[in-house]
Amino acid sequence: MSISTLSELLHEGQSAFLCYDLGRRVQPISTNVFQAVEQQRTPYPYPVQGHACFALVFWPQLATSEQDPYLWFLKFPLDERGLLEASHVQQFITSVITLLGQQVTHALTPEQEQQIQQSPYLFTPIEAKRAALHAQLAQVWQRPASVHYELALTALQQPEHWQQVGVQGLHDVAARLAEQTQVCDAIATQFLTYPQPLRQALAAALEHQQLPPGLAQSLGRQLQQCDADAARVDLLRSVAGGIDNAEVVAGIQHVLQQPSQDEVIVCTARLWDAFDPVRQHAVPLQQLLDAMAQLPADYFAGLLSDLLRLPMLRPHLLSTLQRDDLPQQIKAAWQHFTGVATHAQ
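Residues numbered from 1 in each chain as written. Predicted model: local features only at pLDDT ≥ 70, side-chain atom pairs only at ≥ 80, totals over all residues. Heavy atoms only, no water.

Caption draft 1: Spotlight on the overall build of the protein. Each helix and strand in the protein was counted, giving 17 helices and four strands. Radius of gyration (C-alpha) of the protein: 22 Å, near the 20 Å computed for a compact globule of 345 residues. Looking at the protein alone, contacts between residues at least 24 apart form 69% of all its contacts between residues at least 6 apart. As presented, the protein carries roughly 16,300 Å² of accessible surface, and 48% of it is formed by carbon and sulfur atoms. Across the protein, 19 positive and 32 negative side-chain charges occur, with their mean positions spaced 4 Å apart. (Helix = DSSP H or I, 4+ residues; strand = E, 2+ residues; numbered from the N terminus. Rg over C-alpha atoms; globule rule 2.2 N^0.38 Å. Contact = heavy atoms within 4.5 Å. Areas by Shrake-Rupley, 256 points an atom, 1.4 Å probe, with all protein chains shown as cover. Lys, Arg positive; Asp, Glu negative; His and termini not counted. Charge placed at Lys NZ, Arg CZ, Asp CG, Glu CD.)

Below is the structure:
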């Protein structure tokens, strides 16, 4: 049998699996969507810089004991339509079969481990994304939080103890906020007064989780009132998992009235789905484009190129950019972008 997709490889190896995007926010990709992506029937949903970056978490289907799963952190290029470059996926599959056969969950020798780690399609995510993934998986499998969890709970309620908090502990807390109302209240009231290192690390944990509605509403209101650039960046990141909340949307709109460069970048990299017009509460795309057009031309080009690769936003972006009543600054930035793109071809 010819194996042409990762799903087939894992199926033939009698492995069950889950897929998580690691490019923008750590979030699950359903098996149906992932298989459609593999078969080039649909674009990769969350591309970043022209690549699909995701984790495959897999384990033997017939496992009789609770064991740690296997993890592949994979990065594959996408074509101009946002589809996976099948030839690169095939190269990875061929290298795995050559090295391991189809039994991908067998224990590796040190030599095999070293060889597979040399694959150009494997990458190492930053610590925060690895921590977010482990926190989410622990929730999915109803496993205990890490040993760092209790200290993080204490520090968020009594910030004088923050120096010893571990990254994994904060991500475990962020993944369990729905069952921790007291911690939600503490974050809501103390977020802007936390020591900056703690606030930044907490924001990096919150951005990968779905926020409880009450916490999202509180942070969204603070976003509407905060004028300190560094704190606003942290607030923006923290509400990435709460964009269904009207207060969060209002907060993003407030920031975009006079944004810093970092705030615009966070909006495109972490809050892109807040601009999807099909949402009940959505930030107008034109407001984001206006903020982007105020940046240097190379920044506008880079951010727009990245946004145009997002399947959910591309048609709405192109429709907005082709409007006759587009503000002059956006129109000029768009014409410069298309002129440079045409020249490059």
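Resuming the write-up.
Caption draft 2: Focus on the packing of aromatic side chains. Under the counting rule described, the total for this entry stands at 13 aromatic pairs. Centroid distance Phe 54 to Phe 76: 6.1 Å. Interplanar angle 35 degrees. Geometry classified as tilted. Residue Phe 54 is located in strand E3 (residues 51-60), and its partner Phe 76 is located in strand E4 (residues 70-77); the two are separated by 22 residues in the primary sequence. Residue Phe 76 is classed as buried on the basis of its relative accessible area of 0%. Three or more aromatic residues link up through ring pairs in this structure, and these residues are Phe 17, Phe 34, Tyr 44, Phe 54, Phe 58, Tyr 70, Trp 72, Phe 76, Phe 92 and Tyr 121. Taking NZ or CZ as reference, Arg 24 lies 5.5 Å from the ring centre of Trp 272, over its face. Between the NZ or CZ atom of Arg 176 and the centre of the ring of Tyr 149, over which it lies, the distance is 5.6 Å. (Phe/Tyr/Trp six-rings, centres within 6.5 Å; stacked < 30°, edge-to-face > 60°. Buried < 20%, exposed > 50% of the residue type's maximum accessible area, 1.4 Å probe, protein only. Lys NZ or Arg CZ within 6 Å of the ring centre and 35° of its normal.)

Caption draft 3: Spatial organisation of the pairing of E3. E3 sits mainly inside the fold: seven of its ten residues count as buried. In terms of strand pairing, strand E1 (residues 15-21) meets E3 through seven bridges, oriented antiparallel. Across the sheet, residue Tyr 20 finds its bridge partner in E3, namely Ala 55. By the bridge criterion, eight bridges tie E3 to E4 in an arrangement that is antiparallel. By the bridge assignment for E4, Ala 52 is matched with Phe 76. (Pairing = 2+ DSSP bridges.)

Caption draft 4: Expanded view of the nonpolar core. In this structure, Leu 6, Phe 54, Leu 56, Trp 72, Ile 252 and Leu 304 are the most contacted members of the largest nonpolar core, which totals 99 residues. Setting aside its immediate chain neighbours within four residues, Leu 304 contacts Leu 289, Met 292, Leu 317, Leu 321, Trp 334 and Phe 337. Within the second largest apolar cluster, nine residues are counted, among which are Leu 22, Ala 55, Phe 73 and Ala 132. (Core = buried A, V, L, I, M, F, W, Y, C linked by side-chain atoms within 4.5 Å.)

Caption draft 5: Fine view of helix H13 (residues 261-270). Residues of H13 that are buried include every one of Glu 263, Val 264, Val 266, Cys 267, Thr 268 and Arg 270, and no others. Buried residues along H13 sit in contact with helix H5 (127-140), helix H11 (229-238), helix H12 (246-255), helix H14 (285-293) and helix H15 (297-308).

Caption draft 6: Molecular detail of the environment of Ala 178. Positionally, Ala 178 belongs in the loop between helix H7 (167-175) and helix H8 (181-190). For Ala 178, a relative accessible area of 73% gives the class exposed.

Caption draft 7: A look at the pattern of salt bridges. What the rule picks out here adds up to ten salt bridges. As a salt-bridge pair, Arg 24 and Asp 306 come within 2.7 Å of each other at their nearest N and O atoms. Taken together, the residues Arg 24 in the loop between E1 and strand E2 (27-29) and Asp 306 in helix H15 connect sequence positions 282 residues apart. With relative accessibility at 17%, the residue Asp 306 sits in the buried group. One salt bridge in this structure joins Arg 199 and Asp 234, with 2.7 Å as the shortest N-O distance. Of this pair, Arg 199 sits in helix H9 (residues 196-206) while Asp 234 sits in helix H11, and the two are 35 residues apart along the sequence. What makes Arg 199 buried here is its relative accessible area of 7%. Salt bridges sharing partners connect three or more residues here, namely Glu 207, Arg 237 and Arg 270. (Salt bridge = Lys/Arg side-chain N within 4 Å of Asp/Glu carboxyl O.)

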